[in-house]
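Observations on the three-dimensional arrangement
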Amino acid sequence: MARMRAVSFICGRRDVWSPASTVTGRITPHAPCAFACGRRRRSMKAIGIVGFKNSGKTTLTGLLADALEAAGHTVAIAKFTHHQLDKADRDTSRLMKPGRVVAGLGSDEAAVFWSGKRYLQDMLPLLSADVLLVEGGKSLGWLPRIVCPRDAAEMEELSAGLAVAAWDHTGLVALPAEAVPVFGTQSVAQLAQLVVERGFTLPGLDCGACGEEDCAGLARRIVAGKAHSGDCKSLDDDFSVTVGGVPLGMNPFVARIVSGAISGMLRELKGYAPGPVEIRIKG
């Protein structure tokens, strides 16, 4: 029988631990999980860095990470790639099979390889940091982005109403005057500060509870200064869930079911009284 990991449920300002979260219908890697009523957890700042091949995405990602860390922020990086991950001709590749998970543990680094496709939202609990830099992921509509254009046409194609800045490491890209601020190699620190000020992430549920058709619609309004991340109804103040410190989005209907179920069970227990409650289960 598989051993159960430590589990804690939080209702009314308390911490919860869970082996995995399946609220969204996707399996999430093992990570600390917290349920809370009546408060909002601090969310990780996030921004995408998008552009076509040889546009300077990786260079900018590295420079931004260095600048953010120099300013005292912890940084996580997620990189989208169309190529095989760097494990070819290694022991890892020989151990990998469909449906198998392989972990590599070294003296100063570690890695986990899941076979098959995974989504960035499922990986967020493992990426504990103040700021998440996402290189690539042009289809992601639930976070703002910095565009790395090679010309004005690419800027228009890639911005998608989500751009807060552009990166021109050559100094030769001519953009329209009404475009977003343009940064270069001499202004990385200023761009890093902009990331801290304007970075955000939405759950990507596309539940429509905010009144928009999908999360991209709300993200565009946030970028335009017409809304803020607190307008996301799936991260409501009355009930929240965090996995590894990262808020987990739930549409309001699911949140009411989970909150009501936990509160109802607690009310039936002898000795229950309103106030902070903590439940821990260790396997």
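Our subject is the structure that appears above.
Residues numbered from 1 in each chain as written. Predicted model: local features only at pLDDT ≥ 70, side-chain atom pairs only at ≥ 80, totals over all residues. Heavy atoms only, no water.

A look at the packing of aromatic side chains
One pass over the full model with this rule turns up zero aromatic pairs. The ring of Tyr 119 is capped by Lys 117, whose NZ or CZ atom sits 5.5 Å from the centre of that ring. (Phe/Tyr/Trp six-rings, centres within 6.5 Å; stacked < 30°, edge-to-face > 60°. Lys NZ or Arg CZ within 6 Å of the ring centre and 35° of its normal.)

Overview of the sheet that holds strand β4 (residues 75-79)
Strands sit in the order β4-β7-β3-β8-β9-β10 across an open sheet of six strands; the sheet is parallel. One side of each edge strand has no neighbouring strand; the edge strands of this open sheet are β4 and β10 (182-183). Pairing between strand β3 (residues 45-50) and strand β8 (residues 145-147): three bridges, direction parallel. Paired with Val 50 across the two strands is Val 147, which belongs to β8. Helix-sheet contacts for helix α4 (residues 152-159) involve β3, β8 and β9 (163-167), and the interaxial angle to β8 is about 165°. Across the sheet, helix α5 (residues 188-198) touches β3, β7 (131-135), β8, β9 and β10, and the angle it forms with β9 is around 165°. (Pairing = 2+ DSSP bridges. Helix = DSSP H or I, 4+ residues; strand = E, 2+ residues; numbered from the N terminus. Contact = heavy atoms within 4.5 Å. Axes fitted to C-alpha atoms, helices over the stretch in contact; angles between N-to-C directions.)

Observations regarding the pairing of strand β5 (residues 101-105)
Alignment of β5 against strand β6 (residues 110-114), held across five bridges, turns out to be antiparallel. Bridge pairing links Gly 104 to Ala 111 in β6. Where β5 hands over to β6, the hairpin turn is made up of four residues, counted between the paired strands.

Let's talk about unusual backbone geometry
Phi is positive for Asn 54, close to 60°, though the residue is something other than glycine. Note that Asn 54 resides in the loop between β3 and α1 (57-70). A relative accessible area of 67% places Asn 54 in the exposed class. With phi around 55°, Asp 206 is a residue other than glycine that occupies positive phi space. With respect to the secondary-structure elements, Asp 206 resides in the loop between α5 and α6 (215-223). Residue classification places Asp 206 among the partly exposed positions, given a relative accessible area of 43%. (Buried < 20%, exposed > 50% of the residue type's maximum accessible area, 1.4 Å probe, protein only.)

The values reported here are purely geometric and, on their own, carry no functional implication.
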